[in-house]
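Coordinate analysis (summary)
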Amino acid sequence: MIELYINKYGDGIANPKNLFVDHIAMNRSSLIQSQQWLISILAIIVLLFDTTCISAAQAKILPRLSVKRPPFLGEPAKFSEPVSEDFQTFYYNQTLDHFNYRPESYTTFEQRYVMNFKYWGGASASAPIFVYLGAEEELDSDMSGVGFLTDNAPQFKVLLVYIEKLLHYYGKSIPFGSRKEAFKDASSLGYFSSAQAISDYAEVILYLKRKLLAENSLVIVFGASYGGMLASWFRLKDPHVALGALASSAPILYFDDITPQNGYDFIVTKNEVSESCYRTISKSWSEIDRVASEPNGVSILGNKFRICDQLNNLGELKEFLERTYDIAAQYDHPQSYPVSMVCGGIDGAPEGNDTLSRVFAGVVALRGNFSCYNTSYNTDYPIETVEGWKWQICSEMVIPLGRGDNDTMFPASPFNLTAYSWDCTSLYGVPPHPHWVTSYYGRHDIELILHRFASNIIFSNGLKDPYSIGGVLKNISHYVVAIITMNGSHCLDMGEATSTDPEWLVMQRKAEVEIIEGWIAQYYANLHAITKLKNPV
């Protein structure tokens, strides 16, 4: 049986979110003040009088939104040398600020993009252009991990275009002359936003169409993870530039209180493959607390988990373990099934091993057997993407992940917007805008907005991906379609097709291609009709 749920014609689909209603707490704080001084005062009050809310439960660090898996899960296959030669690198003189008329707004920087002309039918044939919107690493990483475009380029005779960076600051496309200056403070980071990125993409695409004399060549944008969010928003904001968008694993509904706070962690918990694995992980947190309370307990824990440097606090260890489970669940791809690797290590530990020894065996099974382990977030991701991601989640990407008592296998960690804002203000000197995304792209009535104003968007999600809980999981209309797979994981459909792909993944990609075929056929029919009207025989 193919576990693929596709509904192309808007006649209804069971919404998997309903599965979580009885399990997920919907309550969350919605406090935010616009004045920086007031946020600081509130945060101080919280710290003085409500320390049990903040210090007793460590805030969850937002898992990165990226198509690329961390290195310890294995790198996707790199392009072979002959294929690499088909990709040509160019730079566009990009405007720093698209929304102001101050002199500094006209500052420019070189934005990198890559093109592959190998399969293109040419401008004279009005052949399509497929544009991939770069994610949180250099463009080379994106191209090596996103095989969906090259797999389908010959069929559609398309020009492939990959636009680097996510919001000015990733890869080789860096304003202000250097990464150090770009990340200096909020004055330079303030240009780092989704709205600027969408305008960047539009400028590059329109420039290329003029340069290539391809005004009648349709454009379809593709994005995965945060890039998928941008792809869907691009289609909403610039429908005159892009005919359609494929948004893979794009949690556009994970803002404000649209999606339950603990949805992410609930899916991570639900993905555990055995009851004993679930029980062991659930029990481990209190066991860590118990050992830490003993004399030299933190040092004992550091030795037990082979931490490279001295373990400074329990939060450091717990965050490392939680990140390990999050990554395994988010990227639970069929090639390796990392969740099974973790639980296999836990359940396969020798008889008589205590709880923490079993947990450590799970870490070793997934990350490999090393003399020591670095708990730093930077170990799993490049430093430039970590720094960029920190700014994003402290400006507009305020995704309220949290959890209560006993609703997941993790200890309680409620989302507290006041404390969150205080942390961001202390880092950058400015508070976040937690409601900006919903105000700019659509609020709680996003389904109504998409139904009224959107068309030609595919939202694809795999339900093993914890971020899928914040995705569009049902058809909005005949033109805004959800394709979901029960066993899919984060951005899996964007990968290169292989002979070992499960049938449900093959069918998912086939469904996406068929929908895109329909968009293109309709475009050419409309173009032919308009041309005939302008040039009657």
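Our structure's up above, just so we're on the same page.
Residues numbered from 1 in each chain as written. Predicted model: local features only at pLDDT ≥ 70, side-chain atom pairs only at ≥ 80, totals over all residues. Heavy atoms only, no water.

What to know about helix H10 (residues 263–271)
The element H10 is extensively covered by neighbouring structure, given that eight of its nine residues are classed as buried. Of all the residues in H10, the buried ones are Gly263, Tyr264, Asp265, Phe266, Ile267, Val268, Thr269 and Asn271. Packing partners of the buried residues in H10 comprise helix H11 (275–292), helix H13 (314–330) and helix H14 (338–347). (Buried < 20%, exposed > 50% of the residue type's maximum accessible area, 1.4 Å probe, protein only. Helix = DSSP H or I, 4+ residues; strand = E, 2+ residues; numbered from the N terminus. Contact = heavy atoms within 4.5 Å.)

Thoughts on the packing of aromatic side chains
All told, the structure shown has 23 aromatic pairs when counted by the stated rule. With 4.9 Å between their ring centres and 55° between their planes, phenylalanine 130 and phenylalanine 222 make a pair best called tilted. Remark: phenylalanine 222 occurs in strand S6 (residues 219–224) and phenylalanine 130 occurs in strand S4 (residues 129–133); sequence separation between them is 92 residues. The same class applies to phenylalanine 130 as to phenylalanine 222, namely buried. Seen in terms of ring centroids, tryptophan 285 and tyrosine 325 are 6.3 Å apart; in terms of plane orientation they differ by 80°. Their pairing is edge-to-face. With tryptophan 285 in helix H11 and tyrosine 325 in helix H13, this pair connects stretches of sequence that are 40 residues apart. Among the residues examined, tryptophan 285 registers a relative accessible area of 4% and is labelled buried. Cluster of aromatic residues (ring-pair linked, three or more members): Phe130, Phe148, Phe156 and Phe222. The side chain of lysine 237 reaches across the aromatic face of tyrosine 440, ending 3.9 Å from its centre. (Phe/Tyr/Trp six-rings, centres within 6.5 Å; stacked < 30°, edge-to-face > 60°. Lys NZ or Arg CZ within 6 Å of the ring centre and 35° of its normal.)

Side note on the state of the cysteines
Considering all chains together, one arrives at three disulfides under this definition. Here cysteine 308 is linked by a disulfide to cysteine 372, with a sulfur-sulfur distance of 2.2 Å. Taking the torsion about the sulfur-sulfur bond, which here is approximately 90°, the covalent link between cysteine 308 and cysteine 372 counts as right-handed. Of this pair, cysteine 308 sits in the loop between helix H12 (297–304) and H13 while cysteine 372 sits in the loop between helix H15 (355–367) and helix H16 (377–380), placing them 64 residues apart in sequence. Across the disulfide from cysteine 394 sits cysteine 424; the S-S distance is 2.1 Å. Here cysteine 394 and cysteine 424 share a disulfide; its torsion about the S-S bond, -75°, makes the bridge left-handed. Placement of the pair is cysteine 394 in the loop between helix H17 (383–393) and helix H18 (417–428) and cysteine 424 in helix H18, with a sequence separation of 30 residues. Residues cysteine 394 and cysteine 424 agree in their burial class; the two are buried. Cysteine pairing in the protein chain follows 1-3, 2-4, 5-6, where each cysteine in a disulfide is numbered by its order in the sequence. (Disulfide = S-S within 2.5 Å.)

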